[in-house]
Amino acid sequence: MSKKWLENIRRVTPYTPGEQPKEAGVIKLNTNENPYPPAPGVLRAVRNVTEDSYRKYPDPVCRELIDAIAKEYGLDPAQVFVGVGSDDVLAMSFMTFFNSDRPILFPDITYSFYDVWAELLKIPYEQIPLDDELKIRPEDYTRPNGGVIFPNPNAPTGALLDIESVERILAANTDSIVIVDEAYIDFGGVSALPLLDKYPQLLVVQTFSKSRSLAGMRIGAAFGSRELIHYLNQVKFSFNSYTMDAVSLAAGKAAVEDVEWFERTRRMIMSTRERTAAKLRKLGFRFSDSAANFLFVTHPEVPAEELFTVLRENRIYVRYFRQKRIDNYLRITIGTDEEMDTLTEFLGTYLENRSAGR
Ligand SMILES: *Cc1c(COP(=O)(O)O)cnc(C)c1O
């Protein structure tokens, strides 16, 4: 049989998400989840979702969540868009804004969903190499393009681009849309949000998955000029009117309203990050400063893949990317102080035994 219909199937290589181990008692430092629970009001809000809200379609314009976010960030609700995690928001943004024959630009080492969406949506793209220290060079983003996207801080390096450099990229790209993916901005970076007034082609994307402990609820947001948000909504309503469900709408609103919880937990993570960084440096690991909730580390004597494997055998999960230029690095999510102590103690013992030939 010829199966001629096979020719009409869209073939894609999907994004590979990090492992979600089923066994109990693992230390899970592999997908940048927040080790702390979401704000207490979130569970209350979820419990209070009425039977009627389950029965009926959710609010297609996500009014209450958008208003709460707009209020917190001092923006007009018409400048805010929400979706099912920032992955949904970003995919929708690729579809809405990247429609040029010219390639869109993003770093060679970055969030590995960008090239997947570009392939899926048949958007031409060019991956710009990071410099030898794995940093973005703003001057590389001045060539003709059909759009620009980069995370700040970058993933999986954790490196923060200072706000002056972000603005240089915007100033050099007034003819194309520039998306700054701020998934990790709450862990010590300076957001590009204040630049929205000056650059109508800027879209800032954030997520509730990391700094607001809601990866399981799938809530993401985009901030931009009213014009950009209008076009994003036109595409969303041409695709699926009900992206966000009643439960996540309620959870998201409660999360954004508890500023104190947000401040407290993100500060705990930043302080654990610095504590862990000092210990890992003592163990000989090398890495640049991270402004995210993870560290991207390499060891001059021990291959990353070996460490990844022994850690995993001892039920400590970190992320290893079998990818050129970074295949000797581990991305370690910042957990609680206790979890990080278990990790550094384990590594200390392992490295000691290894160099003693045991
Ligand atoms: C985690 C992450 C996202 C996606 O997060 P969602 O859970 O879909 O909101 C987007 N961009 C980067 C760089 C990330 O690390």
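Residues numbered from 1 in each chain as written. Predicted model: local features only at pLDDT ≥ 70, side-chain atom pairs only at ≥ 80, totals over all residues. Heavy atoms only, no water.

1. Some points on the nonpolar core
Of all hydrophobic cores here, the largest spans 49 residues; its most connected members are Ile69, Val82, Phe150, Val166, Leu202 and Phe223. When neighbours within four sequence positions are excluded, Val82 is seen to be in contact with Cys62, Leu65, Ile66, Ile69, Val89, Gly220, Ala221, Thr243 and Met244. Within the second largest apolar cluster, 32 residues are counted, among which are Ile27, Tyr36, Ile269 and Ile334. (Core = buried A, V, L, I, M, F, W, Y, C linked by side-chain atoms within 4.5 Å. Buried < 20%, exposed > 50% of the residue type's maximum accessible area, 1.4 Å probe, protein only. Contact = heavy atoms within 4.5 Å.)

2. Section: the packing of helix α4 (residues 85-97) against helix α7 (residues 226-236)
One can describe the packing of α4 onto α7 by two numbers: an axis separation of 9 Å at closest approach and a directional angle of 100°. Taken as axis vectors, α4 and α7 run roughly perpendicular relative to one another. Counted together, Met92, Ser93, Met95, Thr96 and Phe97 of α4 and Leu228, Tyr231, Leu232, Val235 and Lys236 of α7 form the full contact between these two elements. Residues belonging to the contact of α4 with α7 are distributed by class as follows: seven nonpolar, two polar and one charged. (Axes fitted to C-alpha atoms, helices over the stretch in contact; angles between N-to-C directions. Helix = DSSP H or I, 4+ residues; strand = E, 2+ residues; numbered from the N terminus. Parallel < 35°, antiparallel > 145°, perpendicular 65-115°, else oblique. Nonpolar A, V, L, I, M, F, W, Y, C, P; charged D, E, K, R; others polar.)

3. Considering the domain arrangement of the protein
The domain architecture assigned to the protein consists of domain 1 (16-37 + 260-355) and domain 2 (40-257). On a C-alpha basis, the centres of domain 1 and domain 2 stand 26 Å from each other. In this complex, domain 1 contributes 26 residues to the contact, which on the side of domain 2 involves 27 residues. The largest contributions to the domain 1 side of the interface with domain 2 come from Phe262, Ala291 and Arg325, which together make up 31% of the buried area. Put simply, Arg325 and Asp108 hold a salt bridge, and the shortest N to O gap is 2.8 Å. Counting across the interface, domain 1 meets domain 2 through 10 residue pairs in polar contact (both at pLDDT 80 or more). (Domains from an automatic or database assignment. Buried area = accessible area lost by both parts, 1.4 Å probe. Salt bridge = Lys/Arg side-chain N within 4 Å of Asp/Glu carboxyl O. Polar contact = N/O pair within 3.5 Å; in protein donor to acceptor, adjacent residues only side chain to side chain.)

4. Side note on unusual backbone geometry
Where the residue is not glycine, phi is negative for most of them; where a peptide bond is considered, it is trans in most cases. Following Asn152, the chain continues to Pro153 via a peptide bond in cis, the omega torsion being -5°. Between Ala155 and Pro156 the backbone carries a cis peptide bond, its omega angle lying at 0°. Relative to the helices and strands, Pro156 resides in the loop between β5 (148-151) and α6 (163-171). Phi at Leu134 takes a positive value of approximately 60°, unusual for a residue other than glycine. A positive phi is found at Ser213, a non-glycine position, where the angle reads about 55°. Here Ser213 is to be found in the loop between β7 (202-207) and β8 (220-224). By relative accessible area, which is 14% here, Ser213 ends up buried.

5. Considerations on the packing of aromatic side chains
A complete count under the given rule lists 19 aromatic pairs for this structure. For the ring pair Phe106 and Tyr114, a centre distance of 5.7 Å and an interplane angle of 70° mean the geometry is edge-to-face. This pair shows no difference in class: Phe106 is buried, exactly as Tyr114 is. Taken together, the ring pairs connect Tyr15, Phe94, Phe98, Phe106, Tyr111, Phe113, Tyr114, Trp117 and Tyr125 into an aromatic cluster. Sitting over the ring of Phe294, Arg331 keeps its end group 5.8 Å from the ring centre. (Phe/Tyr/Trp six-rings, centres within 6.5 Å; stacked < 30°, edge-to-face > 60°. Lys NZ or Arg CZ within 6 Å of the ring centre and 35° of its normal.)

6. Thoughts on the site of the ligand
As a matter of local geometry, the ligand sits amid Gly85, Ser86, Asp87, Leu90, Tyr111, Asp181, Ala183, Tyr184, Thr207, Ser209, Lys210 and Arg218. For the ligand, an oxygen atom lies 2.9 Å from a polar atom in the backbone of Asp87. One of the side-chain N or O atoms of Lys210 is found 3.0 Å from an oxygen atom in the ligand. For the ligand, whose free accessible area comes to 390 Å², the fraction covered by protein is 93%. (Near = heavy atom within 4 Å. Areas by Shrake-Rupley, 256 points an atom, 1.4 Å probe, with all protein chains shown as cover.)

7. Some points on the sheet that holds strand β12 (residues 330-333)
Spatially, the three strands line up as an open sheet ordered β9-β12-β11, and their pairing is antiparallel. Only two strands of the sheet have a single neighbouring strand rather than two, namely β9 (294-297) and β11 (319-320). The sheet contact formed by β9 and β12 spans four bridges and is antiparallel. If you follow Leu295 over to β12, its bridge partner there is Ile332. Against the sheet, helix α10 (residues 304-313) engages β11 and β12, with an angle of about 40° to β12. (Pairing = 2+ DSSP bridges.)

8. Looking at the side chain of Arg212
Residue position: Arg212 is located in the loop between β7 and β8. Of the side chains bearing the opposite charge, Asp186 lies closest to the buried Arg212, which forms no salt bridge; the N-O distance is 5.1 Å. A distance of 3.5 Å separates a polar atom in the side chain of Arg212 from the backbone oxygen of Ala255. Leave out the neighbours within four places in its chain, and Arg212 touches Asn34, Pro38, Tyr73, Ala255, Val256 and Phe262. (Lys, Arg positive; Asp, Glu negative; His and termini not counted.)

9. What to know about the pairing of β7
Taking burial as the measure, the six residues of β7 include six buried ones, the bulk of the element. In β7, alternate side chains face the same way, and those of Leu202, Val204 and Gln206 on one face and Leu203, Val205 and Thr207 on the other are all buried. Pairing geometry for strand β6 (residues 178-181) and β7, over four bridges, is parallel. Bridge pairing in β7 links Asp181 to Val205. As judged from the five bridges shared by β7 and β8, these two strands associate in the antiparallel manner. Within β8, the residue paired with Val205 across the bridge is Ala222.

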